[in-house]
Amino acid sequence: MPPAVLRHAARAAACMLAVLSIAASAGAQGASTSDPRAALAAGWKDAAIAISNLKLVSTAWRPAGMSDPRNAGNFEFMNSDLAFAGPYVFQGNFNGVQVWDASDVANLKLKTLLPCPGGQGDVSVLGNLMFMSVEETRGRVDCGSGGVRDSVSAERFRGIRIFDITDIERPKVITQVQTCRGSHTHTLIEDPKDKGVVYVYVQGTSIVRSPRELADCSGRAPEMDANTSLFRIEIIRVPLARPAEARVINAPRIFSDSAGRIAGLWRGGKQGEGTQETAETDQCHDITAYPELGLAAGACSGNGIILDISDPANPRRIAETFDPNFAYWHSANFSNDASKVLFTDEWGGGMAPRCRASDKMTWGANAIFTLQGRSMRAAGYYKLPVAQTRTENCVAHNGAIIPVPGRDIMVQGWYQGGISVFDFTDPAKPFEIAYFDRGPVSADTLHLGGSWSAYWHNGRIWNSEISRGLDVLELTPSEQLSANEIAAAALVRFEVNNPQTQRRNVWPAHPAVARAYVDQLERGRGLGAARIAAVRAAIDAAELRSGAARQSAYAALAASLKDDAGSAGDSARVRALADVVGQLAAR
Amino acid sequence: MNMSLLRGPAASRVLRAMVGTALVALSASAQSASPADVAFMKGMIHHHAQAIEMVVLIADRTTSASLRTLGERIDISQRDEIEMMQQWLRARREEAPDPLPHLGMDMGDHDMPMMAGMLTKAQMAALKDARGPAFDRLFLSGMIQHHEGALTMVRELFATTGGGQETAIFRFASDIDADQRAEIARMRTMLRALNPP
């Protein structure tokens with residue numbers, strides 16, 4: 001070993017010690033090494049599994065054409081993000097798109113295999129349209145393989161492909177909208193004032209192409225070129241009746257400061273000694289829109305930002321935050337009432353083992369903020385609580401809210417850390433409820449794999465596994481999540497679900513919702529035990545009746561619960577229960 | 001997933017781990033490397049090596065803490081990337097340059113190839129002779145020139161037939177572009193602070 005390398009190794013060791021001593025002095029509890037997930041046997045399709053408070057319903061393995069049988073970790077065939085429409089699950093891949101028929105969740109059937117390379121292949125669906133992100137220089141306008149040899153070529157495609165999926169088995173390209181930086185991810189936002197239009201926010205994160213290939217593209221620094229293609233997102237307007245006319249209509253400078261400098265947010269680097277090296281804010285990795293509230297949360301490399309999207313063609317930044325523990329702001333989720341926003345930090349880019357026992361619990365984690373108007377306040381962190389091996393790429397990645405009434409619960413993918421279901425109702429004290437994890441793809445080599453995204457959709461959890469396939473899971477009742485709460489979550493259903501377009505969860509008038517609140521009041525001691533038992537009995541009795549007798553039973557219970565609220569330990573939850581019971585009376 | 005994250009000291013260790021594994025495995029089964037990619041990686045090894053040669057000079061020539069911090073970051077990230085690029089080349093059965101053991105030596109007829117932005121012998125000599133604020137200024141302006149050369153090399157890679165088509169190279173080059181551009185911006189700010197208007 002040359003002396004230079006020895007010196008470097010010594011410095012790396014010193015850095016590691018410094019990190020450990022900071023963690024120890026802050027009293028930070030490290031990831032558990034005694035958890036069953038910490039030392040699972042390795043394997044591609046035969047890895048050992050650890051599962052808690054979940055049931056694995058089925059796994060649809062990656063089909064031929066979306067997998068390299070000689071190399072499970074081949075970059076060019078990684079599975080990516082999911083979208084849902086009707087009975088179908090759309091699963092992106094760096095080599096194209098797979099459409100699964102999930103009519104029988106125990107046995108998913110491959111409906112469509114669409115080879116179309118270019119990465120990342122993130123997909124969204126709306127009506128008879130499918131949208132797909134393409135970022136790499138090997139992407140071709142004809143979806144062919146083999147890349148594009150010429151450095152400037154009319155054959156190259158980087159941007160958003162729009163398909164007609166009227167015939168789901170034979171998607172047809174309608175149009176392809178080229179962008180300077182390609183599309184790493186994208187977000188669909190319907191126009192609140194015009195049902196005939198949808199906007200696509202395009203998040204490009206990689207190299208800017210030549211202006212000779214696409215006019216006006218510039219990868220120069222903002223100080224050198226005020227028209228740089230960096231420091232912006234692109235917005236495509238799609239007229240739904242004439243989607244072939246889709247085109248870029250705006251490229252807003254959402255990182256500008258009050259002086260009008262387009263590079264107005266974090267310029268990259270460390271905030272101070274011992275802090276994380278944070279990327280420069282010249283891109284958004286992901287934007288999660290919440291159109292019903294006119295808001296979007298942007299995870300934008302060096303900052304987390306909130307956008308006013310009430311006019312989706314012209315988003316305006318209304319708030320921003322920074323976290324010295326973050327390397328790269330990657331994705332975001334709102335709580336259902338948008339009083340909280342959770343950002344993920346993809347430290348190491350998703351290709352590195354960042355859940356080892358030696359890694360800080362505040363690095364590569366979720367940071368949870370409270371959100372009030374334009375004010376975001378840091379409240380807490382959540383990181384996969386278990387240590388993973390050095391051959392498992394592991395860090396915070398994509399997830400979604402599980403619609404349990406009265407609580408903030410999320411399911412999230414952690415690459416080879418598996419999936420974790422956690423409660424962040426108290427943003428300062430998030431805790432885990434359930435998990436699913438496979439052992440590493442390989443015990444001695446890091447092959448890319450694991451959960452790209454894990455989403456709740458219509459009563460189940462769908463896990464896009466990078467190197468394995470698509471898993472379907474169901475929650476099972478546990479101390480921290482009752483059968484009634486799971487049943488209430490399953491009542492919220494959407495025909496179409498693009499997870500980066502967050503929908504407000506609204507629960508129908510159903511006794512499971514009332515029973516879920518009662519279970520929560522019991523668990524949290526928010527109402528006396530005797531009263532809990534009486535309320536449960538009253539709901540059971542009302543359900544045994546019908547018509548006017550049931551209505552009056554529920555009306556009486558609602559009235560008595562309103563009386564309880566003032567003196568209850570958790571009066572807000574008792575009031576929420578009274579409202580649900582009132583809705584049951586009005587059914 | 002984003003490789004432009006693989007930046008900074010800690011991040012570059014990741015890159016090494018990653019490229020030592022998944023990407024190498026990829027090559028064992030898949031395509032042979034394009035000549036443009038191979039030339040880019042070989043050239044970038046020499047380019048990175050000069051950054052390390054410059055950083056070595058910091059120790060007894062500056063009193064600036066922020067310059068030392070910058071130097072440490074550059075040193076670690078460039079060493080790690082050199083190792084990663086060597087592994088990438090070896091996995092493709094290409095010769096992997098190894099300039100680090102020879103840093104600072106007079107190589108006679110075997111001088112490092114001059115890649116875009118690299119400092120000339122005269123510039124390196126001036127840097128060695130400078131001390132204090134004069135050194136800080138020369139170091140920053142030199143490293144800005146050096147990093148701009150990396151941006152040029154990335155631009156040339158994508159301007160070359162067959163260049164940057166492999167997912168791994170596409171992402172690595174995108175990473176260098178984002179990383180070095182941000183570092184140039186920070187160094188310009190440091191330089192302005194040294195040269196008040």
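Preceding this paragraph is the structure being described.
As a starting point, this report considers the structure included with it.

## Comments concerning the side chain of S124(A)
Residues and elements named next belong to chain A.
Logical step 1: Mapped onto the elements, S124 comes out in strand 7 (residues 120–126).
Logical step 2: At a separation of 2.8 Å, a polar atom in the side chain of S124 contacts the side chain of H186.
Logical step 3: Excluding residues within four positions of it along the chain, S124 makes contact with A83, L129, M130, F131, H186, L188 and N498.

## Examining the pairing of strand 4 (residues 88–93) of chain A
All names here are of chain A.
Logical step 1: Of all 6 residues in strand 4, 6 are buried, a share of seventy percent or more.
Logical step 2: The two faces of strand 4 match: Y88, F90 and G92 on one face and V89, Q91 and N93 on the other face are all buried.
Logical step 3: Relative to strand 4, strand 3 (residues 79–85) runs antiparallel, the two being bridged by 5 bridges. Within strand 4, the residue paired with A85 across the bridge is Y88.
Logical step 4: Connecting strand 3 to the next strand, strand 4, in antiparallel fashion are 2 residues, including G86 with a positive phi near 55 degrees.
Logical step 5: Both strand 4 and strand 5 (residues 96–101) contribute to a ladder of 6 bridges, which runs antiparallel. When the sheet's bridge partners are listed, Y88 is paired in strand 5 with D101.
Logical step 6: In this antiparallel pair of consecutive strands, strand 4 and strand 5, the connection spans 2 residues.

## Examining the packing of aromatic side chains
All names here are of chain A.
Logical step 1: Counted by the stated rule, this structure contains 14 aromatic pairs over all chains.
Logical step 2: On the basis of an interplanar angle of 45 degrees and a centroid distance of 4.3 Å, the ring pair of F326 and W329 is categorised as tilted.
Logical step 3: Here a set of aromatic residues connected by ring pairs shows up, and it is made of F326, W329, F343 and F369.
Logical step 4: A cation sits over an aromatic face here: K45 above W44, 5.8 Å from the ring centre.
Logical step 5: Its guanidinium or amino end placed over the ring of W347, R354 lies 4.5 Å from that ring's centre, counting from NZ or CZ.

## So, the nonpolar core
For soluble globular proteins, nonpolar side chains are generally found buried alongside one another.
Logical step 1: In terms of nonpolar packing, the biggest core is built from 27 residues, with F40(B), M41(B) and M85(B) touching the most fellow members.
Logical step 2: Looking at this core, the elements with two or more residues in it are helix 2 (35–56), helix 3 (65–91), helix 5 (132–158) and helix 6 (167–194) of chain B.
Logical step 3: Sorting elements by how many residues they give to this core places helix 2 of chain B first, with 8 residues.
Logical step 4: Setting aside chain neighbours within four positions, we find M85(B) in contact with M41(B), M44(B), I45(B), H48(B) and F172(B).
Logical step 5: Counting 25 residues, the second largest nonpolar core, distinct from the first, contains Y517(A), L527(A), A542(A) and L561(A).

Reading guide: rules and limits
Residues numbered from 1 in each chain as written. Chains lettered and ligands numbered in written order. Predicted model: local features only at pLDDT ≥ 70, side-chain atom pairs only at ≥ 80, totals over all residues. Heavy atoms only, no water. Helix = DSSP H or I, 4+ residues; strand = E, 2+ residues; numbered from the N terminus. Polar contact = N/O pair within 3.5 Å; in protein donor to acceptor, adjacent residues only side chain to side chain. Contact = heavy atoms within 4.5 Å. Buried < 20%, exposed > 50% of the residue type's maximum accessible area, 1.4 Å probe, protein only. Pairing = 2+ DSSP bridges. Phe/Tyr/Trp six-rings, centres within 6.5 Å; stacked < 30°, edge-to-face > 60°. Lys NZ or Arg CZ within 6 Å of the ring centre and 35° of its normal. Core = buried A, V, L, I, M, F, W, Y, C linked by side-chain atoms within 4.5 Å.

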